[in-house]
Amino acid sequence: ARTSALLVSVLLLALDLCSAQNYVLSDDGGLGRVFDGIGGLSGGGATSRLLVSYAEPYRSQVLDFLFKPNFGASLHILKVEIGGDAQTTDGTEPSHMHYENDENYYRGYEWWLMKEAKKRNPNITLIGLPWAFPGWVGHGKNWPYDYPDVTATYVVNWILGAKQYHDLDIQYVGIWNERSFDNKYIKLLRYTLDKSGLERVKIIASDNLWEPIAFSLLLDPELSTAVDVIGAHYPGTTTITEALKTQKKLWSSEDYSTFNNEVGGGCWARILNQNYVNGQMTATISWNLVASYYEDLPFGRDGLMTAEEPWSGNYVVESPIWITAHTTQFTQPGWTYLQTVGHLAQGGSYIALTDGKGNLTVVIETMTHNHSVCIRPPLPPFNVTSQNATFQLKGSFASIKELQVWRSQFDFKTSKASFFEKLKPLKLVDGLFTLNLAEDEVYTLTTISTGSKGSYPDPPPSAPFPKVYKDDFDVRNPPFSEAPYFADQTGVFEYYINLTDPGPHVFTLRQVLTERPITWATDADQTISVIGDYYWQNLTVTCDVFMEKMNAGGVFIAARVDKGGQSIRSAKGVFFWVFADGTYKVTNDLVGETVLAEGQSGTEVYGWYTLSLTVKGQYASGSLNGYPLWKNAVVLTPKAGWAAIGTRSFELAQFDNFALVAE
């Protein structure tokens, strides 16, 4: 009986092997394109805003999961926004040049982030891309390329400042805008870089679409000389013939942008492989790096991991971190794809890369359609079923006897997924190995033995924003230019030392823009920075305010602000305004069209005033310097939202002693 059972097992194994599809992995016919890496994108905009406010050790732990080699995502590339003072999706990031005669290379947090990434991985590739520009660059127009010499100098100054003030070598700079731009600017940027001793800095164009840049490169030799990489955003794993004809590097220079649950992890797994299999793209960069912004802003939790609660210290290492590790921990930029990559017979894909020194890494994914849908573009239907796959190593890999094995198994039925699990090494006979591949799996098979799944003790549990919070902004040497937790949605609010005020308001928060920036998004006409819990209903907001614009100046505090990001212009809430002309107004919207109350306030420019706003149920009341100014304004909608501060226009104004109490 035992003999019969053994024979049956042998026969079944033989049938399994016979039914397996065969795939050859070889360098006999030469190699494919050079691999440039996998990365994350901070910015576009303000997507790492809350990360800087985490206390240690949690902030460093998040950074380790992103950048530390052989620990977590182990990213090869960090791309950051060159702040342009404008709303660029989830907030504004400050420019290094608010005005033409102004230069400051310590604003914002991207400098800090690049240094932290470099500290963990000295070989990380750094990229800068401006999504927006200060208004002065356009000389009054909402377009940065009418004065290309001005724009080129502005961008090159940022690259020079990165080196001079932070010892950061920016290796690539992107050129992007929703509208087409004059190729003259690309050539001028190349000239300005070279003239500034930055010949090593390479240009990515158009860092948006394959066309028309691919056609232009084929027709214009001078332009082709200036551009090193064609970058596409959300290419859906495909490219165009003209882009391939240019023989330039092809990158998915912004991709993913998908909610980071397991379907998001599946999206990431599929495109990391298929961007090369289908589109010959040798780098893929996730928007965004880490979801570190208020979740109810646009595209909440669209990062490789989530760190949106600095007040609690809680963060979540999501599945895309471990999906990234399947490739990043076992390859490096400079490795080369084999030509023998492709699709599996029953759905899914495989890639293989080598360092040219005998090492081989193979990544296989079998993500099904519904479990790998990205936010964009639409995903055409396809089928994936379980399958046996036999791989034959040939060429210089034929003598490999053993491969390390790492596996991730998504489980959409019982939610008992396992990610980046190390299995027993696979012994090869005559260069052959067979895998039984189920649906929704990722495998890495590699000669590299240094991979590891990093871990830390669990962070603190998730908690809502504190119901009682205050900030007097009395920070003499702030590590960052922004105050904790404030998320600028239009305008830039920075720490300020008010040397003209001998009183209690020496250290304040100041809105510093006096001109509308150039942006593709819809900035508001007013400036606004939000803070707190989006689900707050009843609360009191108090703040000292100081107007610096004569006659038409105005400031506000607000509660129940219901929108941010690209939708900030249409935000509703309860907005309590005072103006330099001695009046006040209470409105139900940021634009100030729906008036709930108005009257005389006696407020003037260059004077400090304490505003207090209380919203409870359907009623709102406000006081000025401790005295009731208006009461019982009826507020039917919205029912909840953030607290906020802001100004009537792009104007200088200061804020101090901010406090809120929520029920």
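From a predicted model like this one, the values you see are computed outputs, not experimental measurements. Note on numbering: residues in each chain are counted from 1, in written sequence order. Only residues with pLDDT of 70 or above have their local features reported here, since the model is predicted, and side-chain atom pairs are shown and tallied only from 80 upward, although totals for entire chains, interfaces and linings are computed over all residues. Values reported for side chains reflect all heavy atoms of the structure, with hydrogen atoms and water molecules removed beforehand.

Remarks on the overall build of the protein chain
Now for step 1: In this text, helices come from DSSP runs of H or I with a minimum length of four residues, and strands from runs of E with a minimum of two, each type numbered from the N-terminal end. The secondary structure content of the protein chain amounts to ten helices and 36 strands.
Now for step 2: Throughout, radius of gyration means the C-alpha value; the globule benchmark is 2.2 Å times the number of residues raised to the power 0.38. For the protein chain, the C-alpha radius of gyration of 27 Å lies close to 26 Å, the compact-globule estimate for 663 residues.
Now for step 3: Its C-alpha atoms give the protein chain principal-axis dimensions of about 95 × 65 × 40 Å.
Now for step 4: Only protein chains enter the accessibility calculation, which uses a 1.4 Å probe; a residue is then buried when its area is under 20% of its type maximum, exposed when over 50%, and partly exposed in between. With 663 residues in all, the protein chain has 61% of them scored as buried.
Now for step 5: Residue contacts are counted whenever heavy atoms from the two residues lie within 4.5 Å of one another. Residue pairs in contact within the protein chain that sit at least 24 positions apart in sequence constitute 72% of those at least 6 positions apart.
Now for step 6: Put simply, the protein chain shows about 25200 Å² of open surface, and 52% of that area lies on carbon and sulfur atoms. Only the protein chains shown count as cover for residues, with accessible areas throughout obtained via the Shrake-Rupley method and a probe of 1.4 Å.

A closer look at the nonpolar core
Now for step 1: Definition of nonpolar core: a set of buried residues of the types Ala, Val, Leu, Ile, Met, Phe, Trp, Tyr and Cys, connected through side-chain atoms within 4.5 Å. Residues Phe67, Leu78 and Leu189 are the most contacted members of the largest nonpolar core, which totals 100 residues.
Now for step 2: The element that contributes the greatest number of residues to this core is helix H4 (residues 148–166), accounting for eight residues.
Now for step 3: Once residues lying within four places of it in the same chain are set aside, the contact partners of Phe67 are Ser74, Leu75, Leu78, Leu113, Ala117, Arg120, Asn121, Ile124 and Leu289.
Now for step 4: Residues Ala559, Val586, Leu611 and Ala662 belong to the second largest nonpolar core, which totals 78 residues.

Points about a nonpolar patch on the surface
Now for step 1: Residues with no salt bridge and a relative accessible area higher than 30% make up the patches, which join like charges within 9 Å and nonpolar side chains (Val, Leu, Ile, Met, Phe, Trp, Tyr) within 5 Å. The rule for a salt bridge is simple: a side-chain nitrogen of Lys or Arg has to be within 4 Å of a carboxyl oxygen of Asp or Glu. Side chains of Tyr619, Val634 and Leu636 sit close together on the surface and give an oily, nonpolar patch of about 290 Å² of accessible area.
Now for step 2: Structurally, the position occupied by Val634 is in strand S34 (residues 627–634).

Quick word on the pattern of salt bridges
Now for step 1: Evaluated as defined, the whole model comprises 22 salt bridges.
Now for step 2: When the shortest N-O distance is used, the salt bridge between Arg407 and Glu421 registers 3.6 Å. Taken together, the residues span a long stretch of sequence, with Arg407 in strand S18 (residues 402–409) and Glu421 in strand S19 (residues 418–427) at a distance of 14 residues.
Now for step 3: Residue classification places Arg407 among the buried positions, given a relative accessible area of 17%.
Now for step 4: Each of Asp64, Glu116, Lys119 and Arg120 takes part in one network of salt bridges that share partners.

Overview of the domain arrangement of the protein chain
Now for step 1: Per the domain assignment, the segments of the protein chain are domain 1 (35–333) and domain 2 (468–662).
Now for step 2: The interface of domain 1 with domain 2 comprises 42 residues on the first partner and 35 residues on the second.
Now for step 3: Put simply, domain 1 and domain 2 have one salt bridge between them.
Now for step 4: Among the salt bridges present, the one from Glu494 reaches Arg107, with a minimum N-O distance of 3.5 Å.
Now for step 5: Polar contact criterion, stated in full: a pair of N or O atoms within 3.5 Å, where within protein one must be able to donate a hydrogen and the other to accept it, and residues adjacent in sequence count only if both atoms are side-chain atoms. Counting across the domain 1 and domain 2 interface gives 19 residue pairs in polar contact (both at pLDDT 80 or more).
Now for step 6: Grouping the amino acids of the side of domain 1 that touches domain 2 by side-chain chemistry returns 22 nonpolar, twelve polar and eight charged. Those domain boundaries reflect an automatic or database domain assignment. Throughout, the ten residues Ala, Val, Leu, Ile, Met, Phe, Trp, Tyr, Cys and Pro are labelled nonpolar, Asp, Glu, Lys and Arg are labelled charged, and all others, Gly among them, are labelled polar.

Points about the environment of Glu548
Now for step 1: By secondary structure assignment, the location of Glu548 is in the loop between strand S27 (539–547) and strand S28 (554–561).
Now for step 2: Relative accessible area serves as the criterion here: at 15%, Glu548 is assigned to the buried category.
Now for step 3: Residues Glu548 and Glu604, 56 residues apart in the sequence, show an inter-C-alpha distance of 9.2 Å.
Now for step 4: One polar contact links Glu548 to Gln654, side chain to side chain, over a distance of 3.2 Å.

A few points about the layout of surface pockets
Now for step 1: For each structure, a 1 Å grid was placed over the protein atoms alone; sets of points admitting a 1.4 Å probe that cannot get out are labelled cavities, open sets with protein on both sides within 12 Å along at least five of seven lines are labelled pockets, and lining residues have an atom within 4 Å of a point. Grid points are joined across faces, edges and corners, and a volume is the space filled by probe spheres set on the points. Approximately 290 Å³ is the volume attributed to the largest pocket.
Now for step 2: Around the largest pocket sit 17 residues that line it, and Pro478, Glu494, Tyr495, Tyr496 and Ile497 are the ones nearest its centre.
Now for step 3: Of all elements in the fold, only strand S24 (493–497) and strand S25 (507–511) reach the threshold of two or more residues within the lining of the largest pocket.
Now for step 4: For the lining of the largest pocket, the element with the highest residue contribution is S24, accounting for four residues.
Now for step 5: Classifying every residue of the lining of the largest pocket gives ten nonpolar, three polar and four charged.
Now for step 6: Shared between two domains, the lining of the largest pocket holds at least three residues of each, these being domain 1 (35–333) and domain 2 (468–662).

Some remarks on the sheet that holds strand S35 (residues 642–647)
Now for step 1: Any two strands between which DSSP finds at least two bridges are classified as paired. Read from one edge of the open sheet, seven strands run S23-S26-S35-S28-S29-S30-S31, paired in antiparallel fashion. Each of the sheet's edge strands pairs with one partner strand only, and the pair in question is strand S23 (487–490) and strand S31 (595–600). Taking the axes of each pair of neighbouring strands and ignoring which way they run, one obtains an average angle of 20° across the sheet.
Now for step 2: For strand S29 (residues 572–579) and strand S30 (residues 583–589), the ladder comprises five bridges, and the chain directions are antiparallel. Paired with Phe576 across the two strands is Val586, which belongs to S30. Note on definitions: angles span 0 to 180 degrees between N-to-C directions of axes, and those axes are lines fitted to C-alpha atoms, for helices only across the stretch in contact.

Considering empty space enclosed by the protein
Now for step 1: Taken as a whole and assessed by the stated rule, the structure comprises five cavities of 30 Å³ or more.
Now for step 2: Estimated volume of the largest cavity: approximately 100 Å³.
Now for step 3: In this structure, the largest cavity is lined by 14 residues; those nearest its centre are Gly83, Pro94, Arg107, Trp111 and Trp158.
Now for step 4: Grouping the amino acids of the lining of the largest cavity by side-chain chemistry returns five nonpolar, five polar and four charged.

Details of the packing of aromatic side chains
Now for step 1: Side-chain rings of Phe, Tyr and Trp (the six-membered ring for Trp) are treated as a pair once their centres are within 6.5 Å; stacked means planes under 30 degrees apart, edge-to-face means over 60, and tilted covers the remaining angles. The tally for this structure, following the rule as stated, stands at 52 aromatic pairs.
Now for step 2: On the numbers, 4.7 Å between centres and 55° between planes, the contact of Phe556 with Trp577 is tilted. Of the two residues, Phe556 sits in strand S28 while Trp577 sits in strand S29, which places them 21 residues apart along the sequence. Here the two residues Phe556 and Trp577 agree in accessibility, since each one is buried.
Now for step 3: Measuring from centroid to centroid gives 6.1 Å for Trp577 and Phe579, while their planes differ by 15°, and the two rings are stacked.

Section: the UniProt feature "domain: Glycosyl hydrolase family 59 central" (unreviewed entry) in the protein chain
Now for step 1: UniProt positions are given in the numbering used here, feature names are shortened, and annotations may be inferred rather than shown by experiment. Following the UniProt record, one finds the feature "domain: Glycosyl hydrolase family 59 central" (unreviewed entry) at residues 337–451.
Now for step 2: As annotated, residues 337–451 comprises 0% helix and 46% strand, and the C-alpha atoms at either end are separated by 20 Å.

Topic: unusual backbone geometry
Now for step 1: In the segment running from Ala205 into Ser206, the intervening peptide bond is cis, with an omega of 0°.
Now for step 2: Within the secondary structure layout, Ser206 lies in the loop between strand S7 (202–205) and helix H6 (213–219).
Now for step 3: Backbone torsion omega between Thr637 and Pro638 reads -10°, so that peptide bond is classified as cis.
Now for step 4: One non-glycine residue with positive phi stands out, namely Asn632, at about 55°.
Now for step 5: Mapping Asn632 onto the fold places it in strand S34.
Now for step 6: In this structure Asn632 comes out as partly exposed when scored by relative accessible area, which is 48%.

Observations concerning the packing of helix H9 (residues 262–277) against helix H10 (residues 319–328)
Now for step 1: Axis separation between H9 and H10 bottoms out at 8 Å; the angle between their running directions is 20°. Accordingly, the angle class assigned to the pair H9 and H10 is roughly parallel. Between H9 and H10 the crossing geometry is right-handed. Residues Glu262, Gly264, Gly265, Trp268, Ala269 and Leu272 of H9 pack against Ser319, Pro320, Ile323 and Thr324 of H10.
Now for step 2: Here the residues of the contact of H9 with H10 sort into five nonpolar, four polar and one charged. An angle below 35 degrees is treated as roughly parallel, one above 145 as roughly antiparallel, one from 65 to 115 as roughly perpendicular, and anything else as oblique. Less than a right angle of anticlockwise turn of the near helix away from the far helix marks a crossing as left-handed, whereas a clockwise turn marks it as right-handed.

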